[in-house]
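# Topology and contacts: notes
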Amino acid sequence: MSVTEKQLQEVLTGFEFPGTPVLQGVYGNGHINHTYLLHVMEQNGNKKRMILQQMNRSVFKKPVEVMENIMGVTSHLRRKIVENGGDPERETLNVLLAKDGKPYYVDSCGEYWRIYHFIEGASCYEQVESEEDFYQSALSFGNFQCLLSDYPAETLHETIPGFHDTKQRFANFKRAVEADVMGRAKAVEREIEFVLAREQDAAVLGNLLAAGELPLRVTHNDTKLNNIMIDDATRQGICVIDLDTVMPGLSVNDFGDSIRFGASTAAEDEIDLEKVSCSMRLFEVYNNGFQKGCRGRLTGTEIEMLPMGAKIMTYECGMRFLMDYLEGDHYFQIHRKDHNLDRARTQFKLVADMEQKWDTMMKIVKNK
Ligand code: ADP
Ligand code: GN1
Ligand code: MG
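In this report, the structure presented in the accompanying data block is examined. (Residues numbered from 1 in each chain as written. Chains lettered and ligands numbered in written order. Predicted model: local features only at pLDDT ≥ 70, side-chain atom pairs only at ≥ 80, totals over all residues. Heavy atoms only, no water.)

### Quick notes on the coordination of the magnesium ion (ligand 3)
Selection criterion: Distances define the donors: N, O and S atoms within 2.8 Å of the metal qualify, as do those within 3.2 Å of Na, K or Ca. Water is excluded, so some sites may look unfinished. Secondary structure counts use DSSP, requiring at least four H or I residues in a row for a helix and at least two E residues in a row for a strand, with both numbered from the N terminus. Exposure is judged per residue with a 1.4 Å probe applied to protein chains only, and the accessible area is read against the type maximum: over 50% gives exposed, under 20% gives buried, and values in between give partly exposed.
Only Asn227 (OD1) and Asp242 (OD) from the protein coordinate the magnesium ion (ligand 3), and they sit 2.2 Å from it. With asparagine 227 in the loop between strand S8 (217-219) and strand S9 (228-231) and aspartate 242 in the loop between strand S10 (237-240) and strand S11 (247-249), this residue pair connects regions lying 15 residues apart in the sequence. Taking the relative accessible area as the measure of exposure, aspartate 242 reaches 24% and is therefore partly exposed.

Right under this line is the structure:
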């Protein structure tokens, strides 16, 4: 997905800017889309920042549907935020329309581009710096689910089919191991074994959903810490971003993905596995914030399954990283050799650690 300067300049001609756009370069640490920072110079001399993104078309096969979801969800959120006396310019994503009125621009190579207004005075974090920030992110993700609880779920497109269907992902993983297109399987037998040994876990949440014991809700599905902006002044979670995967899903998965990333004592791609563990203190902090943010809407089974959500999201993510490694690193952006393998290893270390700490996690979620 390499992009030329000429292509970028063409893209800028596609949007209606309130001034002259000047490209600043690549931005952020997302693994999926290509993100750039723009400065827009207004006539009065003010500078406005914007986020330009090339949507990843091999991940999102139907970018128009992704943007339909985003426009629907953000206008719903905007209405609720206004009703609650909040600031809709900062508390939800705002899309800059293209000259033809569409929320995206298709360039002459067929690539899809979108622009968001920059959320100023707030930051994204790659790792938890204070317990309070993590608590605030939990409140925000819980609240996000609450705000969308009356969203007409049937109008949402499934932007990635089976995104958190862990059982299906397990079947895909096994096929990737058998095909071994890069000849990498031999060197990672231990990691492959780790995944295969937990086949039964892969089906647990899907079975509960099928049995009607877990409700389907409108969820975010990618709740890692760097998908939330924390206000620099108030330190409150101000805006949930990265709405590409908002779809019907399980609230325990939203909880779990946040734990996977934020309650780890090390970075997602840490090489020294000694440093990687699941902090029970951070698990507790996040649990308190999330349950509060959900305002009593979680059912007894959902609460009981929160630790399972944490384990399964971590296991699934590790399996996805390892599968991408086996298939030649075409899904997640990598920045060094064996990057996906390093990421997979941290996830498996976390899963093993959670299995050790299972009783503690169960006690924490039930005590709240
Ligand atoms: P990806 O799907 O690749 O993770 P994101 O939509 O999460 O892409 O964007 C990548 C990063 O860009 C975010 O982690 C955040 O740092 C930054 N970002 C995205 N949207 C905004 C915004 N509206 N305002 C400020 N920063 C943003
Ligand atoms: C991707 O887009 P980003 O970087 O926020 C991925 C998530 C993974 C995560 C692992 C659409 O999230 O599912 O959990 O990487 N997003 C997609 O860090 O696949
Ligand atoms: Mg992101």
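### Here we look at the sheet that holds S9
Using the following cut-off: Between any two strands, at least two bridges found by DSSP are needed for them to pair. Working rule for contacts: check all heavy atoms of both residues, and any pair within 4.5 Å makes them a contact. Axes here mean lines fitted to C-alpha atoms, for a helix over just the part in contact, with angles spanning 0 to 180 degrees between N-to-C directions.
Taken together, the 3 strands give an open sheet; going across it, the order is S7-S9-S10, and neighbouring strands pair in antiparallel fashion. Each edge of the open sheet carries a strand with a single partner, namely strand S7 (122-123) and S10. Across 2 bridges, the pairing between S7 and S9 is antiparallel. Looking at the pairing, alanine 122 lines up with aspartate 231 of S9. Each of S9 and S10 is contacted by helix H4 (residues 131-147), which is oriented at about 45 degrees to S10, the strand it contacts most.

### A word on the nonpolar core
The criterion, for reference: For this analysis, a nonpolar core means a set of buried residues of the types Ala, Val, Leu, Ile, Met, Phe, Trp, Tyr and Cys, connected via side-chain atoms within 4.5 Å. Reported domain spans reflect what an automatic or database domain assignment gives.
Residues Leu205, Ile259, Phe283 and Leu322 are the most contacted members of the largest nonpolar core, which totals 96 residues. Both domain 1 (5-120) and domain 2 (131-367) contribute no fewer than three residues apiece to this core. Phenylalanine 283 has contacts with Phe255, Ile259, Ala263, Pro307, Ala310, Met361, Ile364 and Val365, leaving out every residue within four places of it along the chain. Within the second largest apolar cluster, 15 residues are counted, among which are Leu8, Leu12, Tyr105 and Ile115.

### A word on the packing of aromatic side chains
Which entries qualify depends on this criterion: A pair of Phe, Tyr and Trp rings is counted when the ring centres sit within 6.5 Å of each other, with Trp represented by its six-membered ring. The angle between the planes then sorts it: under 30 degrees is stacked, over 60 is edge-to-face, the rest tilted. Definition used: whenever NZ (Lys) or CZ (Arg) falls within 6 Å of the ring centre and also within 35 degrees of the ring normal, the charge is taken to sit over that ring.
Under the definition given, this model contains 13 aromatic pairs. Between the aromatic rings of phenylalanine 15 and tyrosine 105, the centroid separation amounts to 6.1 Å while the plane-to-plane angle is 55 degrees, which identifies the pairing as tilted. In this pair, phenylalanine 15 is assigned in the loop between helix H1 (5-12) and strand S1 (20-26) and tyrosine 105 in strand S5 (residues 105-106), connecting sequence segments 90 residues apart. We note that phenylalanine 15, like tyrosine 105, is buried. Every member of this aromatic cluster is reached through a ring pair, and the members are Phe134, Phe255, Phe283, Tyr286 and Phe290. Taking the ring centre of phenylalanine 118 as reference, the NZ or CZ of arginine 49 above it sits at 4.0 Å. For arginine 184, the ring lying beneath its charged end belongs to tyrosine 325, and the centroid distance is 4.4 Å.

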